[in-house]
Amino acid sequence: MTEKDKDEVALQRFVEYIQIKTVQPEPDYDSAMKFLKNYAQELGLEYRAVTLDESRQACLLTWPSKSSTETSIVLNSHIDVVPVFEEHWMVPPFSGEIRDGKIYGRGTQDMKCVGIQYLEAIRRLKAAKYEPKRTIHCLFVPDEEIGGVRGMGKFITLDECKALNIGFVLDEGLASETDVFQVYYGDRSVLWIQFLVKGKTGHGSRLIENTAAEKAQFILNEMLKFRANEKECLEKSEATDNLIQLGNVTTVNLTKLTGGVQQNVVPDQYSLYFDCRIKPDGYDAFKEFLHDVIKRTPKENDDEVILHYVQDSGRVCITDVEKPSWWLNSFKRTCEQMKCKTNWTVFPAATDGRYLRGEGYPAIGFSPMINTPILLHDHNEYLHKDVFLHGIEIYVKLIENLTNGKSA
Ligand SMILES: [Zn+2]
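Residues numbered from 1 in each chain as written. Predicted model: local features only at pLDDT ≥ 70, side-chain atom pairs only at ≥ 80, totals over all residues. Heavy atoms only, no water.

- For the chain, an unreviewed UniProt entry supplies the name Peptidase M20 dimerisation domain-containing protein and the organism Adineta steineri.

The structure is reproduced here in structure tokens:
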């Protein structure tokens, strides 16, 4: 197969994968599994479906090492994509149509590109008669876009996962709008909270004491004060050399506010919903802050302010990138060889990587897309075909360096 043929087939497989509607909330996982099974056959990889529950499976496409019992590497990607607002798209979002070199479609950045790039890198390494000294597992998991509880969250609890003897994991990152690749060694904790505040009700013409609104006001002020402080930290650092990035601050946003029945009735309760993303090492302090806010909220009885955790990822672990290791050496060597400028940082949202790090596996989030607008979850998500194909070249080098047995 010539280089041009390899590029053609890579683009073709990418478009085919985009065309499978693995879109939440009812992803067509069956078709995706069939596609991946055929792909495994085509590349001469071992294929295994792993049952997660009655309607969810992960799958593994494995290239076993014949020469070594070293720990393996896992190349992870999620199969599902987020919903679309079709009326805002220039082309049908599951067409994979290529216009001016740009491949359009839901999942072109997040993260069907990466799943295909792993496999196409393997196609090239196999064609070059490469023999890995570590076993390579391409892992495809469901449901990352809805929190991964039935996907990676389940997978890491299974014996099938433990049996992989994982030494290092590659997972998703984000596109970069500059020529600097983003490399993520951790995620922030996710905390979705609801404050339910209660108070006295009555006619809207009176001045009633101890209302729900006054408590809502206090809490909202405290939360937004916290937000303003973090924002200031981020903005101040932009003026100095000691650059803090979004992943290194805690963000707080009021995302929903509900309550009230009628214009002339003072509501007996309000609910305030916040989406909080907590910086590494900030989890315990943030929870203390929340309890302190409740304590200080003016009220007559304690049950007038109730805090409910809608989603709580818990403390997150980060991968140590200060300590020397074989995979870190391999990663950095690849970046040098491929002349990739990198920025090492914390992922501003949550990925499946947090589950793996929680089990103690080193994991790096990396999607090789530079000079590309960040369009994940956005209308008209696209990836330029040259960026996609260059990403395959980077993975060829990266997989080779991670599995050639050299540690320096
Ligand atoms: Zn993703």
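Moving on, there is more to tell.
1. Thoughts on the sheet that holds strand E17 (residues 382–384)
- Judged by pairing direction, the sheet is antiparallel, and its three strands sit side by side in the order E4-E5-E17 without closing on themselves. A single partner strand is all that each edge strand has here, and the edge strands are strand E4 (98–99) and E17.
- Taken together, the three bridges between strand E5 (residues 102–104) and E17 define a ladder with antiparallel strand orientation. Across the sheet, Tyr104 pairs through a bridge with Tyr382, a residue of E17.
- Against the sheet, helix H10 (residues 385–403) touches E5 and E17, its axis set at about 70° to E17. (Pairing = 2+ DSSP bridges. Helix = DSSP H or I, 4+ residues; strand = E, 2+ residues; numbered from the N terminus. Contact = heavy atoms within 4.5 Å. Axes fitted to C-alpha atoms, helices over the stretch in contact; angles between N-to-C directions.)

2. Examining the domain arrangement of the chain
- We note that the domain assignment places domain 1 (3–187 + 317–403) and domain 2 (189–312) within the chain.
- A straight line from the C-alpha centre of domain 1 to that of domain 2 covers 36 Å.
- Taken together, the contacts link eight residues of domain 1 with eight residues of domain 2.
- Contact with domain 2 buries area across many residues of domain 1, yet Thr345, Val346 and Pro348 alone supply 49% of it, more than any other trio.
- At the boundary of domain 1 with domain 2, the tally comes to zero salt bridges.
- Taken together, domain 1 and domain 2 are joined by two residue pairs in polar contact (both at pLDDT 80 or more).
- Of the residues assigned to the side of domain 1 that touches domain 2, the class counts are five nonpolar, two polar and one charged. (Domains from an automatic or database assignment. Buried area = accessible area lost by both parts, 1.4 Å probe. Salt bridge = Lys/Arg side-chain N within 4 Å of Asp/Glu carboxyl O. Polar contact = N/O pair within 3.5 Å; in protein donor to acceptor, adjacent residues only side chain to side chain. Nonpolar A, V, L, I, M, F, W, Y, C, P; charged D, E, K, R; others polar.)

3. Quick notes on the coordination of the zinc ion
- For the zinc ion, the full set of protein donor atoms is His78 (NE2), Asp110 (OD), Glu172 (OE) and Glu172 (OE), and the range of their distances to it is 1.8 to 2.8 Å.
- What the four donor atoms of the zinc ion show is an angle range of 51 to 150° at the metal, which sorts the shape as irregular.
- Under the relative-accessibility criterion, Asp110 is labelled buried at 5%. (Donors = N, O, S within 2.8 Å, 3.2 Å for Na, K, Ca; no water. Tetrahedral: all angles 85-135°; square planar, octahedral: opposite > 155°, others 65-115°. Buried < 20%, exposed > 50% of the residue type's maximum accessible area, 1.4 Å probe, protein only.)

4. A few points about the packing of helix H3 (residues 112–127) against H10
- Their axes nearest at 8 Å, the elements H3 and H10 cross at an angle of 60°. On the basis of the axis angle, H3 is oblique to H10. The chirality of how H3 crosses H10 is right-handed. Where H3 approaches H10, its residues Cys113, Val114, Ile116, Gln117, Tyr118, Glu120, Ala121, Ile122, Arg124 and Leu125 are matched on the opposing element by Val387, Phe388, Gly391, Ile392, Glu393, Tyr395, Val396, Ile399 and Glu400.
- For the contact of H3 with H10, the class distribution of residues is 13 nonpolar, two polar and four charged. (Parallel < 35°, antiparallel > 145°, perpendicular 65-115°, else oblique. Left-handed = near helix turned anticlockwise from the far one by under 90°.)

5. Remarks on the side chain of Asp80
- Its location among the elements puts Asp80 in the loop between strand E3 (72–78) and E4.
- An unpaired buried charge is present at Asp80: no salt bridge exists, and Arg56, the closest side chain of opposite charge, is 7.8 Å distant.
- One polar contact links the side chain of Asp80 to the main-chain amide nitrogen of Asp143, over a distance of 3.4 Å.
- Side-chain polar atoms of Asp80 contact the backbone nitrogen of Glu145, separated by 2.9 Å.
- Those residues in contact with Asp80, other than ones at most four positions away along the chain, are Thr22, Gln24, Tyr29, Asp110, Val141, Pro142, Asp143, Glu144, Glu145 and Ile146. (Lys, Arg positive; Asp, Glu negative; His and termini not counted.)

6. Some thoughts on the layout of surface pockets
- Taken as a whole, the largest pocket encloses approximately 360 Å³ of empty space.
- If you trace the largest pocket, you find 19 residues lining it, with Glu144, Glu145, Ala349, Ala350 and His377 closest to the centre.
- When residues of the lining of the largest pocket are assigned to domains, at least three map to each of domain 1 (3–187 + 317–403) and domain 2 (189–312).
- In this model, the second largest pocket occupies a volume close to 250 Å³.
- Contributing to the lining of the second largest pocket are 14 residues, with Gln182, Tyr184, Gln245, Thr345 and Ile374 lying nearest its centre.
- For the lining of the second largest pocket, the secondary structure elements donating two or more residues are strand E8 (180–187) and strand E15 (341–347).
- Looking at the lining of the second largest pocket, its residues break down into seven nonpolar, six polar and one charged.
- Counting only domains with at least three residues in the lining of the second largest pocket, you end up with domain 1 (3–187 + 317–403) and domain 2 (189–312). (1 Å grid on protein atoms, 1.4 Å probe; cavity = no way out; pocket = protein on both sides within 12 Å on 5 of 7 lines; lining within 4 Å. Points joined across faces, edges and corners; volume = space filled by probe spheres on them.)

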